[in-house]
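Take a look at the letters that make up each chain.
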Amino acid sequence: MRLKTLPSEFQKALPILSRIKEAGYEAYFVGGSVRDAILERPIHDVDIATSAYPEEIKKIFPRTVDVGIEHGTVLVLVDEEEYEITTFRTEEAYVDFRRPSQVHFVRSLKEDLKRRDFTVNAFALNNDSEVIDLFGGLLDLEKKTLRAVGDAKERFNEDALRIMRGLRFVSSLGFSIEEKTFSAMMANAKLLEKISVERIFIELDKLLMAPFWRKGLEQLLSSDVYHFLPELKNSKESLQLMLDEMTPSFQFETSEQAWADLVMSLQVKSIKNFLKKWKTSNDFQKAVENLIAIYQIRLKRDVSRQDVYRFGKDTLYQVESLREAKSLTYDRERISNLDSELTIHDKSEIVVNGRQLMAQYQLSPGPRLGRILNDIETEIVEGHLENTQEEIFRFVERRLVIE
Ligand code: ATP
Ligand code: MG
């Protein structure tokens with residue numbers, strides 16, 4: 001099969017393939033971008049595989065960076081673009097179920113494609129736009145099927161992350177999992193406990209953010225794989241609830257929103273501990289906590305001016321979207337009105353700072369000054385105090401007389 005139109009990203013990278021070929025080696029586009037090009041979807045990261053060894057690639061291109069030379073990957077800089085060029089390789093036994101214990105560089109494209117996870121990810125594309133399909137991936141694309149390359153049991157046993165990748169591709173492509181592949185996923189799910197949580201997080205996060213996330217989540221449930229993910233053991237009912245409570249067309253807008261919904265569905269005792277187990281960053285944790293806090297507020301009352309100031313309108317909008325998706329009342333206009341009434345969006349915009357107050361009124365640093373600064377902020381946000389030096393000084397003077 002030949003691609004009718006070669007996406008511009010590939011066109012731009014064609015000279016790279018040519019230069020490698022002129023030096024006497026093979027070179028192809030590989031990986032997800034070839035799959036996406038065949039599906040006429042937008043492509044990201046153009047990956048190139050070659051029979052040339054890393055040292056040989058470095059002789060061909062003057063500007064390179066060793067990003068993963070032990071795995072055979074060299075980053076090549078051409079014009080303003082960067083390309084990852086990886087030597088054909090095979091991966092020997094995964095002794096610890098985490099990383100291949102040894103990577104062997106080989107000169108055969110077939111060997112390289114054989115180690116890839118799914119048939120739809122195992123294409124190569126040559127510089128004539130011809131798709132090389134050694135494992136029936138084109139037929140699987142047509143049938144919308146996700147099938148492991150080779151012996152499914154072996155492939156998931158070698159690297160259990162592929163199980164999560166498979167579920168994630170269900171969610172991004174809307175495909176179904178071929179029967180043997182699916183039972184092999186189930187059979188090896190326990191091995192996910194040996195995979196780094198950070199890598200599993202990335203896959204579950206992508207699963208939740210993809211267009212067919214409901215299908216991905218359903219497969220996560222029916223495969224029983226969720227039992228082996230951090231903090232999700234025995235949580236079938238909660239995860240099912242997450243699906244049931246949501247209008248089917250709803251797409252999560254941000255990862256934070258998706259994880260906030262997940263956390264709420266699970267009714268976890270401590271959001272912090274839950275997200276710690278998932279090894280997310282403090283910023284991510286904080287953002288999820290804020291979304292949940294607002295969600296709880298909204299169960300009781302409308303948002304206030306202080307809420308808009310404190311959490312920011314974008315965060316509040318995300319909660320309204322969740323409410324809309326759960327068929328609750330929502331009011332985005334209120335948020336945008338309150339936001340447009342705010343004269344400051346951040347403390348730093350207040351024209352008087354603590355140092356100035358200390359100098360003007362011989363105040364010393366401490367809780368009292370802190371309280372005054374806080375009150376200034378609250379009054380400005382509420383629209384009771386103008387954000388000018390004159391008005392703020394006047395406000396402080398009144399306060400000092402009272403105290
Ligand atoms: P995306 O479109 O999300 O980038 P992708 O298919 O390109 O998906 P990547 O993680 O970018 O996935 O990996 C690129 C290619 O490398 C895959 O298409 C697949 O051929 C191969 N690959 C990646 N991870 C694995 C793995 N764990 N086991 C086997 N092959 C893998
Ligand atoms: Mg990719």
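All figures in this text were calculated on a predicted structure; none of them were measured in a lab. (Residues numbered from 1 in each chain as written. Chains lettered and ligands numbered in written order. Predicted model: local features only at pLDDT ≥ 70, side-chain atom pairs only at ≥ 80, totals over all residues. Heavy atoms only, no water.)

**Digging into the site of ligand 1**
Thinking step 1. Taken together, 15 residues sit near ligand 1, with Asn-121, Asp-159, Arg-162, Arg-165 and Arg-168 positioned nearest.
Thinking step 2. His-44 places a side-chain nitrogen or oxygen 3.1 Å from an oxygen atom of ligand 1.
Thinking step 3. Looking at the shell around ligand 1, the elements that each hand over two or more residues are helix H2 (32-38) and helix H7 (161-173).
Thinking step 4. Among the elements that take part in the shell around ligand 1, H7 stands out by supplying 4 residues, more than any other.
Thinking step 5. Both of domain 1 (1-137) and domain 2 (144-229) provide at least three residues apiece to the shell around ligand 1. (Near = heavy atom within 4 Å. Polar contact = N/O pair within 3.5 Å; in protein donor to acceptor, adjacent residues only side chain to side chain. Helix = DSSP H or I, 4+ residues; strand = E, 2+ residues; numbered from the N terminus. Domains from an automatic or database assignment.)

**Brief notes about the sheet that holds strand S4 (residues 73-78)**
Thinking step 1. Ordered by their spatial adjacency, 7 strands build an open sheet running S3-S4-S5-S2-S1-S8-S9, and the pairing between neighbours is mixed. Strands at the two margins of the open sheet, each flanked by one partner only, are strand S3 (64-68) and strand S9 (131-133). The mean angle between the axes of side-by-side strands here comes to 35°, regardless of whether they run parallel or antiparallel.
Thinking step 2. Sheet topology note: the S3/S4 ladder contains 3 bridges and is antiparallel. If you follow Val-65 over to S4, its bridge partner there is Leu-75. (Pairing = 2+ DSSP bridges. Axes fitted to C-alpha atoms, helices over the stretch in contact; angles between N-to-C directions.)

**Quick look at the domain arrangement of the protein chain**
Thinking step 1. Segmenting the protein chain into domains produces domain 1 (1-137), domain 2 (144-229), domain 3 (233-342) and domain 4 (347-402).
Thinking step 2. Computed from C-alpha atoms alone, the centre-to-centre distance between domain 2 and domain 4 is 56 Å.

**Topic: the packing of helix H18 (residues 354-361) against helix H19 (residues 367-382)**
Thinking step 1. Where H18 contacts H19, the two axes come as close as 11 Å, and the packing angle between them is 120°. Taken together, the axes of H18 and H19 lie oblique to each other. Crossing geometry of H18 relative to H19 is assigned as right-handed. Residues Gly-354, Leu-357 and Met-358 of H18 pack against Leu-369, Ile-372, Leu-373 and Ile-376 of H19.
Thinking step 2. A per-class count over the contact of H18 with H19 returns 6 nonpolar, 1 polar and no charged. (Parallel < 35°, antiparallel > 145°, perpendicular 65-115°, else oblique. Left-handed = near helix turned anticlockwise from the far one by under 90°. Contact = heavy atoms within 4.5 Å. Nonpolar A, V, L, I, M, F, W, Y, C, P; charged D, E, K, R; others polar.)

**With respect to the pattern of salt bridges**
Thinking step 1. Applying the stated criterion to the full structure yields 29 salt bridges.
Thinking step 2. The shortest N-O distance in the salt bridge between Asp-159 and Arg-162 comes to 3.8 Å.
Thinking step 3. Since its relative accessible area comes to 5%, Arg-162 is described here as buried.
Thinking step 4. Of the charged contacts in the structure, one is a salt bridge between Lys-326 and Asp-261, with a shortest N-O distance of 2.7 Å. Note that Lys-326 is positioned in the loop between helix H16 (313-325) and helix H17 (332-341) and Asp-261 in helix H12 (residues 255-266), a separation of 65 residues in sequence.
Thinking step 5. Given a relative accessible area of 0%, Asp-261 falls into the buried group. (Salt bridge = Lys/Arg side-chain N within 4 Å of Asp/Glu carboxyl O. Buried < 20%, exposed > 50% of the residue type's maximum accessible area, 1.4 Å probe, protein only.)

**Section: the nonpolar core**
Thinking step 1. Ile-48, Trp-259, Trp-278, Leu-357 and Ile-376 are the most contacted members of the largest nonpolar core, which has 116 residues in total.
Thinking step 2. In this structure, Leu-357 is in contact with Val-352, Gln-362, Leu-363, Leu-369, Ile-372, Leu-373, Ile-376, Phe-393 and Val-396, ignoring residues within four places of it in sequence.
Thinking step 3. If you look at the next biggest cluster of nonpolar residues, it comprises 9 residues, including Val-30, Ala-49, Leu-113 and Ile-132. (Core = buried A, V, L, I, M, F, W, Y, C linked by side-chain atoms within 4.5 Å.)

**Details of unusual backbone geometry**
For residues besides glycine, phi is generally negative; the peptide bonds are generally trans as well.
Thinking step 1. Even without glycine at this site, Asp-79 takes up a positive phi of about 50°.
Thinking step 2. Counting through the fold element by element, Asp-79 comes out in the loop between S4 and strand S5 (81-87).
Thinking step 3. At Gln-267, a residue that is not glycine, the phi angle is positive and equals roughly 50°.
Thinking step 4. Relative to the helices and strands, Gln-267 is located in the loop between H12 and helix H13 (271-277).

**A short note on the pairing of S5**
Thinking step 1. Bridge analysis of strand S2 (residues 47-50) against S5 gives 4 bridges, and the strand direction is parallel. Bridge pairing in S5 links Thr-50 to Thr-87.
Thinking step 2. As defined by bridge partners, S4 adjoins S5 across 6 bridges and the pair is classed as antiparallel. Each residue of the ladder has a partner; that of Val-76, found in S5, is Tyr-83.
Thinking step 3. Counted between consecutive antiparallel strands, the loop separating S4 from S5 contains 2 residues, among which Asp-79 sits at a positive phi close to 50°.

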